[in-house]
Amino acid sequence: MSELHKNLINGEWVGTDGIENVNPSNTNEVVGLYARATADETRTAIAAARAAFPAWSRSGLMERWGVLSKTAHEIFARKEELGKLLSREEGKTLPEGIGEATRAGQIFEFFAGEALRLSGETIPSVRPGIGVEITREAVGVVGIITPWNFPIAIPAWKIAPALVYGNTVVFKPADLVPGCSWAIVDILHRSGLPKGVLNLVMGKGSVVGQAILDSGDVDAITFTGSVGTGKRVAEASVKAMRKFQLEMGGKNPTVVLDDADLKTAVETVTQSAFFSTGQRCTASSRIIVTEGIHDAFVAALSERIKGLKVGDAIAQGTDIGPVVDASQLKQDVDYIEIGKQEGANLVVGGELVHHDNPGFFLRPALFTEATNQMRISREEIFGPVASLIRVKDYEEALATANDTEFGLSSGIVTTSLKYATHYKRNAQAGMVMVNVPTAGVDFHVPFGGTKGSSYGPKEQGKYAAEFFTQVKIAYTAAG
Ligand code: UN1
């Protein structure tokens, strides 16, 4: 029996039993044993965060800088090991896992620096002799709820700004992938955070997540995950009159115009739709292609997909790792069936890949002759499944791209300055990508969507301050 990884509550590791985290590349392999917090333990964690808040929110900037930069350096030093843990628990390929671990280190390093870049404004009052100061201060106790698909980067980009701006944290990672979260909390704890400032409560959404939502003592919740759970976070937060921020689904389009460079189009779409097994809210699952390039593009993309190696996430040469678990695989396979029944043409992939180890391996699937009204083009599948929609011209492509309830990331592949410029202005999405994949964003740039994808201020970069701080205004009359 492997060692139990416990929850961190008020500076103590607690928990008596837990669940096994299994490897989706080989379900016989246990990644580790992780405690599951109870509702009572979650409430204790919230109380600890509350008690730690006054001192942490007034802590010195060098203390915050020190903890975050020490954490960044340990993550960099251990990036191979953490990347491998990520690949073993989530199923991303090893280069993707190491890349994500590196990104977590970069995020901590960026936000360590933000401690030294805090600023405000002083402006004169309209009343003579009075000065006005505008500053930002911490919000309070922040609940952080993260999804399984970015097990180290998303916790990093929520925890780092929460801490650097002086908030205390109750952190609930996805039940499916607690390993990377445990590892970064362990690093932060050893990097010198005072007790209660960061609490880890691994466990089930229905128990731990619910206890966070029901608490009257959580001042803000930041959530990334499904639309359904996001709505529950919103409802509970409105009732509690607390601040909240949601990142949810996507049905991101990539438009390929006749004037596109064919090679760029194939690479951009392959990466957007299928890398990380399509399990990214920024993945592109609607490929909207104009008539003139359609047939050549389908032929070249199909060849590229056939050449992708699906297999064990850790194995050298794997392009596409496994689907994360049995229920996600069932959802992917069900949608592939729905696509066929709706009359789309499955030109390549979509079948299970047999492997020596029991794992959830699926060959990336490409549908052609899809319409934008089909369920496979409207509902988020969250797997390596893309539908290709043929359109007449740019105008129809733009209208089709925008015809969705979501608005996270929207891509176009074109060599035309005119169309690229028009698309950037008119695509209904938080992020527009010209000749670059819809997924895979920079760590220092704001991130987030519009329409049904997101709610609240953007995450990451210096814009993270909008959610993790509140504005304070002070008027002073010279005596
Ligand atoms: C990326 O594409 O680099 O859950 C990040 C997700 C997003 C993160 C995507 N919130 O997939």
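Each chain carries its own residue numbering, running from 1 in the direction its sequence is written. Only residues with pLDDT of at least 70 get local features here, since the model is predicted, and only at 80 or more are side-chain atom pairs given and counted; chain-wide, interface and lining totals rely on the full set of residues. Note that water and hydrogens are dropped before the side-chain values are worked out from all heavy atoms of the structure.

## Brief notes about the overall build of the chain
Where we set the bar: Only DSSP runs of H or I covering at least 4 residues are called helices, and only runs of E covering at least 2 are called strands; the numbering of each starts at the N terminus. The globule rule used here is 2.2 Å times the number of residues to the 0.38 power, and the radius of gyration it is set against is calculated over C-alpha atoms. Only protein chains enter the accessibility calculation, which uses a 1.4 Å probe. A residue is then buried if its area is under 20% of the maximum for its type, exposed if over 50%, and partly exposed in between. By definition in these notes, contact holds between two residues if any of their heavy atoms fall within 4.5 Å. Under the convention used here, a 1.4 Å probe and the Shrake-Rupley method define accessible areas, while residue burial counts only the protein chains that appear.
Per the secondary structure count, the chain includes 15 helices and 23 strands. Here the C-alpha atoms of the chain give a radius of gyration of 23 Å, agreeing with the 23 Å that 2.2 N^0.38 yields for 479 residues. Counting only C-alpha atoms and orienting by the principal axes, one finds that the chain spans roughly 75 × 65 × 40 Å. The buried share of the chain, taken over its 479 residues, is 57%. The long-range fraction of contacts in the chain, counting pairs at least 24 apart against all pairs at least 6 apart in sequence, stands at 73%. Accessible area of the chain: about 19,000 Å², with a carbon and sulfur share of 53%.

## Comments concerning the domain arrangement of the chain
Convention followed: The split into domains, and so the bounds of each, comes from an automatic or database assignment of domains. The quantity reported as buried area is the accessible area (1.4 Å probe) lost by two parts once they are put together, taken as the sum for both. In this classification, the charged set is Asp, Glu, Lys and Arg, the nonpolar set is Ala, Val, Leu, Ile, Met, Phe, Trp, Tyr, Cys and Pro, and all remaining amino acids, among them Gly, are polar.
Domain parsing of the chain yields domain 1 (4-248 + 453-477) and domain 2 (252-434). Here domain 1 and domain 2 have C-alpha centroids that lie 31 Å from each other. Counting residues at the interface gives 23 residues for domain 1 and 26 residues for domain 2. Overall, the association of domain 1 and domain 2 removes approximately 2,000 Å² of surface from exposure, summing both partners, and the carbon and sulfur fraction of that is 61%. The three residues of domain 1 that bury the most area against domain 2 are Ser25, Trp148 and Ser453, which together make up 25% of that side's buried surface. Here the side of domain 1 that touches domain 2 is built from residues that sort into seven nonpolar, 10 polar and six charged.

## Overview of the packing of helix 3 (residues 79-90) against helix 6 (residues 178-190)
Stated precisely, the cut-off is as follows: Axis angles are defined between N-to-C directions and span 0 to 180 degrees, where every axis is a line fitted to C-alpha atoms and, for a helix, only to the segment in contact. Our angle categories are set so that under 35 degrees counts as roughly parallel, over 145 as roughly antiparallel, 65 to 115 as roughly perpendicular, and the remainder as oblique.
At a closest axis distance of 8 Å, the pairing of helix 3 and helix 6 adopts a crossing angle of 150 degrees. Between helix 3 and helix 6, the angle is such that the two are roughly antiparallel. Listed contacts from helix 6 to Leu82, Leu85, Leu86 and Glu89 of helix 3 are Pro178, Gly179, Cys180, Ala183 and Ile187. Looking at the contact of helix 3 with helix 6, its residues break down into seven nonpolar, one polar and one charged.

## Brief notes about the site of the ligand
To keep things clear, this is the line we draw: Being near a molecule or strand, for a residue, means having at least one of its heavy atoms within 4 Å of it. Whenever a nitrogen or oxygen atom comes within 3.5 Å of another N or O atom, the pair is scored as a polar contact, on the condition that within protein one atom can donate a hydrogen and the other can accept it, and that pairs from neighbouring residues in sequence are kept only if both atoms are in side chains.
Taken together, 13 residues surround the ligand, and among them Arg103, Cys281, Thr282, Gly440 and Val441 come closest. One of the side-chain N or O atoms of Arg103 is found 2.8 Å from an oxygen atom in the ligand. Take Val441: an N or O atom from its main chain is 3.0 Å from an oxygen atom of the ligand. Burial of the ligand by the protein chains amounts to 98% of its free accessible area of 320 Å². Tallied by class, the residues present in the shell around the ligand amount to seven nonpolar, four polar and two charged. Mapped onto the domain boundaries, the shell around the ligand takes at least three residues apiece from domain 1 (4-248 + 453-477) and domain 2 (252-434).

## Considerations on the pairing of strand 17 (residues 385-391)
Each regular strand displays side chains that alternate between the two surfaces of the sheet. The criterion, for reference: The criterion for strand pairing is that DSSP finds at least two bridges linking the strands in question.
With six of seven residues buried, strand 17 lies mostly within the body of the structure. Relative to strand 17, strand 14 (residues 284-290) is paired through five bridges, and the arrangement is parallel. Each bridged residue has a counterpart across the sheet, and for Ile287 the counterpart in strand 17 is Leu388.

## Let's talk about the pairing of strand 14
Where we set the bar: When the strands point away from the viewer and the path from the first strand over the helix to the second turns clockwise, the crossover is right-handed.
Summarising burial for strand 14: seven of the seven residues are buried, a large majority. Two strands pair when backbone bridges link them, and strand 13 (residues 252-256) and strand 14 are joined in this way by five bridges, in the parallel orientation. Note on strand 14: the bridge partner recorded for Val255 is Ile288. For the crossover that starts at strand 13, traverses helix 9 (residues 262-274) and ends in the parallel strand 14, the hand is right-handed.

## Describing the pattern of salt bridges
Quick note on the threshold: Salt bridges are identified by distance alone: a Lys or Arg side-chain nitrogen within 4 Å of an Asp or Glu carboxyl oxygen.
Overall, the coordinates contain 22 salt bridges when judged by the stated rule. Residue Glu81 pairs with Arg78 through a salt bridge whose shortest N-O separation is 2.9 Å. On the basis of relative accessibility, which here comes to 44%, the residue Glu81 falls in the partly exposed class. Glu396 serves as the salt-bridge partner of Lys392, at 3.8 Å between the closest nitrogen and oxygen. On the accessibility criterion, Lys392 (54% relative accessible area) is exposed. Residues joined by salt bridges that share partners form a network here, namely Glu74, Arg78, Glu81, Asp186 and Arg190.

## Looking at the packing of aromatic side chains
Spelled out, the test is: The aromatic pairing rule takes the rings of Phe, Tyr and Trp, using the six-membered ring of Trp, and pairs them if the centres are within 6.5 Å, calling planes under 30 degrees apart stacked, those over 60 edge-to-face and the rest tilted. Note on criteria: charge over ring means Lys NZ or Arg CZ within 6 Å of the ring centre, with the direction from the centre no more than 35 degrees off the ring normal.
Counting across every chain of the model gives seven aromatic pairs. Ring geometry for Phe110 against Phe111: centres 5.1 Å apart, planes inclined by 90 degrees, an arrangement best described as edge-to-face. Summarising the burial analysis for this pair, Phe110 and Phe111 share the class buried. Plain terms: the ring middles of Phe467 and Phe468 are 5.0 Å apart, the flat faces sit at 90 degrees to each other, and that makes the pair edge-to-face. Taken as a pair, Phe467 and Phe468 share a single burial class, namely buried. Seen from the ring of Trp56, Arg64 lies directly overhead, with NZ or CZ sitting 6.0 Å from the centre. One Lys or Arg, Arg117, reaches over the ring of Phe110 and ends 5.7 Å from the middle of that ring.

## Re the packing of helix 2 (residues 61-77) against helix 4 (residues 94-114)
In plain terms, the rule: The crossing is said to be left-handed when, going from far helix to near helix, the turn is anticlockwise and less than a right angle, and right-handed when the turn is clockwise.
Direction vectors running N to C along helix 2 and helix 4 enclose 160 degrees, while the axes themselves pass 8 Å from each other. One way to sum up the angle between helix 2 and helix 4 is to call them roughly antiparallel. Between helix 2 and helix 4 the crossing geometry is left-handed. Across the interface between the two elements, Trp65, Leu68, Ser69, Thr71, Ala72, His73, Ile75 and Phe76 of helix 2 pack against Ala101, Thr102, Ala104, Gly105, Gln106, Phe108, Glu109, Phe111, Ala112 and Gly113 of helix 4. Of the residues in the contact of helix 2 with helix 4, the class split is 10 nonpolar, seven polar and one charged.

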